[in-house]
Amino acid sequence: EDKVVQSPLSLVVHEGDTVTLNCSYEVTNFRSLLWYKQEKKAPTFLFMLTSSGIEKKSGRLSSILDKKELFSILNITATQTGDSAIYLCAGREGSGAGSYQLTFGKGTKLSVIP
Amino acid sequence: NAGVTQTPKFRILKIGQSMTLQCAQDMNHNYMYWYRQDPGMGLKLIYYSVGAGITDKGEVPNGYNVSRSTTEDFPLRLELAAPSQTSVYFCASSLLAGGPYEQYFGPGTRLTVT
């Protein structure tokens, strides 16, 4: 059974801090790992990672994948209150009947206080 | 361009009632998905579709049915609603191939069964 585990489950930081969110995965025929940010309603896409060691960046957010150790991290530098959200990690299968299924972790709830 | 739309936004059902959650996308995506998200939990896949006329079960299909008569629409049917189906339901879509695999989500439907 595919499994995605995120840690920590919740995190409270002050504005300006740097945070690292962790995601480990066990996904059959792994193809890619995706990060989403969920504020009040629907998740919004952040990154998709398919290759080990290549960092993806978007402003203050960055993410990297380690396919050997089966994990990914999401870094947020100089956090702002607008970064407060649940961050979801999902592993995507790459072949067979489940090639388009994502397995989601439970998410990390990040709270950034002024 | 509306993206992925869902109706209704909120619904309260009595035990044993039935209802259909509507989902539509205007991005010409072949893949569509239904997820449920329980409090403090990640997303769980209910059903998915790889194109009109083709659907398949996800992780938690019991108590639900789907149909996909057109590329645009992917309704989710709840028969004999139970309290365990109280959740937030998200519909999503993605491109088939040759493009990004990220899933675009609708705003969600909050369902309470009492």
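Everything that follows concerns the structure shown earlier in this document.
Keep in mind that this is a model prediction, so the values were computed, not measured.

Rules of the game
- Residues numbered from 1 in each chain as written.
- Chains lettered and ligands numbered in written order.
- Predicted model: local features only at pLDDT ≥ 70, side-chain atom pairs only at ≥ 80, totals over all residues.
- Heavy atoms only, no water.
- Disulfide = S-S within 2.5 Å.
- Helix = DSSP H or I, 4+ residues; strand = E, 2+ residues; numbered from the N terminus.
- Buried < 20%, exposed > 50% of the residue type's maximum accessible area, 1.4 Å probe, protein only.
- Contact = heavy atoms within 4.5 Å.
- Buried area = accessible area lost by both parts, 1.4 Å probe.
- Salt bridge = Lys/Arg side-chain N within 4 Å of Asp/Glu carboxyl O.
- Polar contact = N/O pair within 3.5 Å; in protein donor to acceptor, adjacent residues only side chain to side chain.
- Nonpolar A, V, L, I, M, F, W, Y, C, P; charged D, E, K, R; others polar.

### Things to note about the state of the cysteines
Under the counting rule described, the total for this entry stands at two disulfides over all chains. Between the sulfur atoms of Cys23(A) and its disulfide partner Cys89(A) the distance amounts to 1.8 Å. Taking the sign of the torsion about the S-S bond as the criterion, the disulfide between Cys23(A) and Cys89(A), at about -65°, is left-handed. In this pair, Cys23(A) is assigned in strand S3 (residues 19–26) and Cys89(A) in strand S9 (residues 85–93), connecting sequence segments 66 residues apart. You can call Cys23(A) buried: its relative accessible area is 1%. Note on Cys89(A): relative accessible area 0%, which makes it buried. With its sulfur 1.8 Å from that of its partner, Cys23(B) forms a disulfide with Cys91(B). Taking the sign of the S-S torsion, -70° for the link of Cys23(B) and Cys91(B), the bridge is left-handed. With Cys23(B) in strand S3 (residues 19–25) and Cys91(B) in strand S9 (residues 87–94), this pair connects stretches of sequence that are 68 residues apart.

### A look at the interface of chain A and chain B
With 18 residues of chain A in contact, the opposing surface of chain B contributes 20 residues. Taken together, the two surfaces of chain A and chain B that pack against each other cover about 1,800 Å², and 62% of this comes from carbon and sulfur. If you look at where chain A meets chain B, you find zero salt bridges. On inspection of chain A and its partner chain B, the count reaches two residue pairs in polar contact (both at pLDDT 80 or more). Counting only elements with at least two residues in the side of chain A that touches chain B, the list comes to strand S4 (30–38), strand S5 (43–49), S9 and strand S10 (102–104) of chain A. Here the element with the most residues in the side of chain A that touches chain B is S4(A); it accounts for four residues. Within the side of chain A that touches chain B, the residues separate by chemical class into 11 nonpolar, three polar and four charged.

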